[in-house]
Amino acid sequence: MKKGETMDGIQQQELNVDGIRKDFPILERFVREKKLVYLDNAATTQKPLQVINALTDYYTKYNSNVHRAVHTLSAEASEAYDNARQKIAGFINAKFREIVFVKNGSEGANIVLHSLVLDRFKPGDEIISTVMEHHSNIVPWQLAQKKGIRLKFVDIDDRGQLKMEQFDELMTERTKLVTVAHVSNVLGTINPVEEIGRIAHDAGAFFMIDAAQSIPHMPFDVKKVDCDFCIFSGHKMLAPTGIGCLYGKEALLEDMEPFLRGSDMIKEVKLLESTWNDLPYKFETGTPNIADSIAFGAAVDYLNALGMKNVWGHEQNLVNYVMKRLSEIKDLVIYGPQKRGGVISFNLGDVHSHDTASVLDEQGIAVRSGHHCAMPLMKRLGITAATRASFYIYNTKEEIDRLCDALEQARSVFKL
Ligand code: C6P
């Protein structure tokens, strides 16, 4: 394979990171008199001017409700809103009708909980997930226990990878849903979702992917992975907060009852009964988040212009570099496998992760610390918290050097 060439033979290009950084005004900021190094991208990414401008354009030029009125502003808003959904559908190779706008990935999981699990599953049915999940892919299913639905979890090995054989061991004829994170927000582990999906489907179960940490970072094709549902959040891929997606296969969504009820999700209302609007509107109640949806479309335009293969390649270069640099720091324990997405959690000796993060903040470096909304995983790892650095399109090797220098400083502050 030639340098820069990927497995499928498509040439990978290096991102023009200097050019990209010019699109992100916040990266010019100083924190504690140091140039900001933003390494908390798994929590939320920064926003480029193209996304910020999409918001201000909407509010300054054509703010209006959608799909309700015939006036010009409403027509412009409706067109921009529909285009955004089409862009997001194209981004993951889905149909327009298969993209349900939600607040964030967590809300997407709640639709699957109410409209599929609670509505259709029977007492004694089973859901299989894993111990490495974010709370958003654990807590919703706990409600199903009230209905007598059993929850089972696949464990991880010492490298932080799923014990794949356990899927077969846990699966029974009562298993109705298998739901896993594509990339762990703590370990960075990239789970073999195509293989897990095949196991789920062979057993007749639905398959859902929590793609919150993968769709923003790598090419993702719902047809290729053959998931029935997948959830992701716009704010982790350059878009504003408050907008995310539930993808569902058209035939399944068609068959499911809406979760939230009210205006706009109806076709006809009588006093005692109603019929539902077409997909995807059936699952979207009330006036939608128009501005943020349009800006989500602008974020997808931005990522498409970079090319998702190139985005992934850039992050993999950074991951290889940071893994090597961090391995040179004494007393630093890294969680998760060598091959991973752009997420690295670690602890420095027995220093609490918040203390490590505070020393980094003194140096202008933003990382996340704590349990990362993955308390069961923390327990499985035998820790209560970790410090996490996570990367995106605008990060550089120089910033990684600053992270490592600051960690060396933390070692001396804490007398390790
Ligand atoms: N993880 C993190 O710092 P929301 O908050 O609904 O947009 O996304 C939830 C979610 C679901 N799955 C995974 C794998 C995630 O990482 C997240 C969000 C952030 O790790 C904020 S808690």
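None of the values given here were measured: they were computed from a predicted structure.

## Details of the sheet that holds strand E6 (residues 150-154)
Okay, so step 1: Read across the sheet, seven strands follow the order E4-E10-E9-E8-E7-E5-E6 without closing on themselves; strand pairing throughout is mixed. Looking at the sheet topology across the chains shown, the edges are occupied by strand E4 (99-102) and E6. Going from strand to strand, the sheet's axes swing by 20° on average, the running direction of each strand aside.
Okay, so step 2: Bridge count between strand E7 (residues 175-181) and strand E8 (residues 206-210): five bridges; the pairing is parallel. Note on E8: the bridge partner recorded for Ala181 is Asp210.
Okay, so step 3: Across the sheet, helix H3 (residues 72-91) lies against E4, strand E9 (229-233) and strand E10 (244-248), angled at about 115° from E4, the strand it touches most.
Okay, so step 4: Seen against the sheet, helix H7 (residues 193-202) touches E7 and E8 and runs at an angle of roughly 155° to E8.

## Describing the site of the ligand
Okay, so step 1: As a matter of local geometry, the ligand sits amid 17 residues, with Ser106, Asp210, Gln213, Ser233 and Arg368 nearest to it.
Okay, so step 2: In the model, a nitrogen atom of the ligand is placed 2.5 Å from a nitrogen or oxygen of the Asp210 side chain.
Okay, so step 3: Within the side chain of Ser233, an N or O atom sits 2.6 Å from an oxygen atom of the ligand.
Okay, so step 4: Relative to its free-state accessible area of 500 Å², the ligand is covered by the protein chains to the extent of 90%.
Okay, so step 5: Class assignment of the residues belonging to the shell around the ligand gives a composition of four nonpolar, nine polar and four charged.
Okay, so step 6: When residues are assigned to domains, the shell around the ligand turns out to be shared by domain 1 (2-40 + 307-413) and domain 2 (52-304), each giving three or more.

## Let's talk about the domain arrangement of the chain
Okay, so step 1: When its domains are assigned, the chain resolves into domain 1 (2-40 + 307-413) and domain 2 (52-304).
Okay, so step 2: The distance between the C-alpha centroids of domain 1 and domain 2 comes to 27 Å.
Okay, so step 3: Listed as interface residues are 31 residues of domain 1 and, on the opposing side, 32 residues of domain 2.
Okay, so step 4: Contact between domain 1 and domain 2 buries roughly 2,500 Å² in total, counting both sides, with carbon and sulfur atoms accounting for 64%.

## Remarks on the environment of Ala42
Okay, so step 1: When you line up the elements, Ala42 lands in the loop between strand E3 (37-38) and helix H2 (49-62).
Okay, so step 2: Residue classification places Ala42 among the buried positions, given a relative accessible area of 3%.
Okay, so step 3: A sequence separation of 330 residues divides Ala42 from His372, and the C-alpha atoms of the two residues are 9.7 Å apart.
Okay, so step 4: In contact with Ala42, other than residues within four places in its own chain, are Gln213, Lys236, Val343, Arg388 and Ser390.

## Digging into the side chain of Asn310
Okay, so step 1: Tracing the backbone shows Asn310 in helix H11 (residues 308-327).
Okay, so step 2: Owing to a relative accessible area of 10%, Asn310 belongs among the buried residues under this scheme.
Okay, so step 3: Among the polar contacts made by the side chain of Asn310, one reaches the main-chain amide nitrogen of Gln13 at a distance of 2.8 Å.
Okay, so step 4: What Asn310 contacts, discounting residues up to four positions off in sequence, is Gln11, Gln12, Gln13 and Leu15.

## Things to note about the nonpolar core
Okay, so step 1: Grouped together as the largest cluster of nonpolar side chains are 79 residues, with contacts concentrated most on Ile92, Phe167, Val178, Phe296 and Ile393.
Okay, so step 2: Of all the elements, helix H10 (residues 290-306) adds the most residues to this core, at 11 residues.
Okay, so step 3: Each of domain 1 (2-40 + 307-413) and domain 2 (52-304) accounts for three or more of the residues forming this core.
Okay, so step 4: If near-sequence neighbours (up to four positions away) are discounted, Val178 is found in contact with Ile128, Phe167, Met171, Ile196, Ala200, Ala205, Phe206, Phe207 and Met208.

## A few points about the pattern of salt bridges
Okay, so step 1: Evaluated as defined, the whole model comprises 31 salt bridges.
Okay, so step 2: Across the pair Lys249 and Asp226 runs a salt bridge whose closest N-O atoms are separated by 2.8 Å. In this pair, Lys249 is assigned in the loop between E10 and helix H9 (250-255) and Asp226 in the loop between helix H8 (222-225) and E9, connecting sequence segments 23 residues apart.
Okay, so step 3: Given a relative accessible area of 24%, Lys249 falls into the partly exposed group.
Okay, so step 4: On the basis of relative accessible area, Asp226 is assigned to the partly exposed category, the value being 32%.
Okay, so step 5: The partner of Arg261 in a salt bridge is Glu257, and the shortest N-O contact between them spans 3.3 Å.
Okay, so step 6: A relative accessible area of 53% means that Arg261 is categorised as exposed.

Conventions and cut-offs
Residues numbered from 1 in each chain as written. Predicted model: local features only at pLDDT ≥ 70, side-chain atom pairs only at ≥ 80, totals over all residues. Heavy atoms only, no water. Pairing = 2+ DSSP bridges. Helix = DSSP H or I, 4+ residues; strand = E, 2+ residues; numbered from the N terminus. Axes fitted to C-alpha atoms, helices over the stretch in contact; angles between N-to-C directions. Contact = heavy atoms within 4.5 Å. Near = heavy atom within 4 Å. Polar contact = N/O pair within 3.5 Å; in protein donor to acceptor, adjacent residues only side chain to side chain. Areas by Shrake-Rupley, 256 points an atom, 1.4 Å probe, with all protein chains shown as cover. Nonpolar A, V, L, I, M, F, W, Y, C, P; charged D, E, K, R; others polar. Domains from an automatic or database assignment. Buried area = accessible area lost by both parts, 1.4 Å probe. Buried < 20%, exposed > 50% of the residue type's maximum accessible area, 1.4 Å probe, protein only. Core = buried A, V, L, I, M, F, W, Y, C linked by side-chain atoms within 4.5 Å. Salt bridge = Lys/Arg side-chain N within 4 Å of Asp/Glu carboxyl O.

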